[in-house]
Amino acid sequence: MEKRRGKFIVFEGLDGCGKTFHCKVLCEYLNSIGIKSIQTCEPTKDEMGKLLRRYLSGEIETSPEGIAGLFIADRLDHITKKGGLLELLDNGVNIICDRYYLSSIAYNAQNHSTEWVYNLNKTAIDLLTPDLVVFLDIPSFKEDRISSRGEKEIYETQEYQQMVKQRYEEALSMHKGAYVKISSNRDKKDVVKDVRNEVLKLF
Ligand code: TYD
């Protein structure tokens, strides 16, 4: 018997754009109207994700290439592990994911072209392309923002985030699936409404 597939919805944007809040609100809403959904994120909360957090906090160091590779390892594990994204989707669960491969392109190309990091991500993209990417657009990174963990991470500088913003444009133009750009620099209620309208078109 053919299994029903759930939808894979990804949120992207600069640090501080409100992704985490909007993922949560969307997930609660979908469940409240009977569309079974779960929320997840990258870096994941598993061992590789925890290791990535140590690099991101600056506690330990490696090369930008090493970090790029580890994000891909974490992503492939997220997708293919027992109980991972593919299995959940095959069981008809809808997934709301806070960041996916477009973040790799925007943040991890550093000494390379965006094509370099896109190609590194090819296996993940072929295994699982989002049904919809919701890009939450803000004009610039808010430097005074305190992250969810209460500490600054290595990418949280104005200069780096300006590069990330440009690279997101390239990432979106390379992305083969559907995406919407929603301005997140507005009243949260309006953003919630626009996100819902776009996502409900999938069902
Ligand atoms: P996130 O948890 O969204 O940040 P926060 O909760 O602090 O707003 O993401 C953590 C950082 O990981 C963010 O700076 C972007 C970075 N990142 C990459 O560099 N590459 C990737 O592939 C992903 C998924 C995230």
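Residues numbered from 1 in each chain as written. Predicted model: local features only at pLDDT ≥ 70, side-chain atom pairs only at ≥ 80, totals over all residues. Heavy atoms only, no water.

(A) Spotlight on the overall build of the protein chain. Scanning the protein chain for helices and strands turns up nine helices and five strands. Compactness check: the protein chain gives a C-alpha radius of gyration of 16 Å against a globular reference of 17 Å for 203 residues, within 12% of the reference. With respect to the principal axes defined by its C-alpha atoms, the protein chain has extents near 45 × 40 × 30 Å. Looking at the 203 residues of the protein chain, the share that counts as buried comes to 46%. Restricting to contacts in the protein chain with at least 6 residues of sequence separation, those with at least 24 account for 78%. Summed over all atoms, the accessible surface of the protein chain reaches about 10,100 Å², with 51% contributed by carbon and sulfur. For the protein chain, the distance from the average position of its 30 positive side-chain charges to the average position of its 31 negative side-chain charges is 6 Å. (Helix = DSSP H or I, 4+ residues; strand = E, 2+ residues; numbered from the N terminus. Rg over C-alpha atoms; globule rule 2.2 N^0.38 Å. Buried < 20%, exposed > 50% of the residue type's maximum accessible area, 1.4 Å probe, protein only. Contact = heavy atoms within 4.5 Å. Areas by Shrake-Rupley, 256 points an atom, 1.4 Å probe, with all protein chains shown as cover. Lys, Arg positive; Asp, Glu negative; His and termini not counted. Charge placed at Lys NZ, Arg CZ, Asp CG, Glu CD.)

(B) Quick look at the sheet that holds strand 4 (residues 132–137). Reading across the sheet, the five strands line up as 2-3-1-4-5 and stay open at both edges, with parallel pairing between neighbours. Each edge of the open sheet carries a strand with a single partner, namely strand 2 (37–41) and strand 5 (179–183). Strand after strand, the sheet turns through a mean of 20° between neighbouring axes, direction not considered. Here four bridges tie strand 1 (residues 8–12) to strand 3 (residues 94–98), and the two strands are oriented parallel to one another. (Pairing = 2+ DSSP bridges. Axes fitted to C-alpha atoms, helices over the stretch in contact; angles between N-to-C directions.)

(C) Summary view of the packing of aromatic side chains. Within the structure shown, the criterion is met by seven aromatic pairs. Relative to Tyr101, the ring of Tyr100 has its centre 5.9 Å away and its plane inclined at 85°; by these criteria the two rings are edge-to-face. Judged by relative accessible area, which is 1%, Tyr100 ranks as buried. On the basis of relative accessible area, Tyr101 is assigned to the buried category, the value being 1%. Clustering of aromatic rings is evident, with ring pairs tying together Tyr107, Phe135, Tyr155, Tyr160 and Tyr168. For Arg75, the ring lying beneath its charged end belongs to Tyr100, and the centroid distance is 5.6 Å. Across the ring face of Phe21, the terminal group of Lys188 is positioned such that the distance to the ring centre comes to 4.2 Å. (Phe/Tyr/Trp six-rings, centres within 6.5 Å; stacked < 30°, edge-to-face > 60°. Lys NZ or Arg CZ within 6 Å of the ring centre and 35° of its normal.)

(D) Molecular detail of the pattern of salt bridges. Applying the stated rule across the entire model yields 14 salt bridges. Here Arg5 ties to Asp90 by a salt bridge, and the two come within 3.6 Å at their closest N and O atoms. One end of the pair, Arg5, is in the segment before strand 1; the other, Asp90, is in helix 4 (residues 85–90), and 85 residues separate them in sequence. A residue is classified by how much of its surface remains accessible, and Arg5, at 47% relative accessible area, is partly exposed. Judged by its relative accessible area of 29%, Asp90 falls in the partly exposed class. A salt bridge links Glu169 to Lys181, with the nearest nitrogen and oxygen atoms 2.9 Å apart. One end of the pair, Glu169, is in helix 8 (residues 158–174); the other, Lys181, is in strand 5, and twelve residues separate them in sequence. Using a relative accessible area of 41% as the deciding quantity, one classes Lys181 as partly exposed. (Salt bridge = Lys/Arg side-chain N within 4 Å of Asp/Glu carboxyl O.)

(E) Here's a closer look at unusual backbone geometry. Following Glu42, the chain continues to Pro43 via a peptide bond in cis, the omega torsion being -5°. Mapping Pro43 onto the fold places it in the loop between strand 2 and helix 2 (47–56). Phi at Arg99 is positive, roughly 80°, even though this residue is not glycine. Considering the arrangement of structural elements, one finds Arg99 in the loop between strand 3 and helix 5 (101–108). Its relative accessible area of 12% is what places Arg99 among the buried residues. In this structure, Gln110 is a non-glycine residue whose phi angle is positive, near 35°. Examined against the element boundaries, Gln110 turns out to sit in the loop between helix 5 and helix 6 (114–120).

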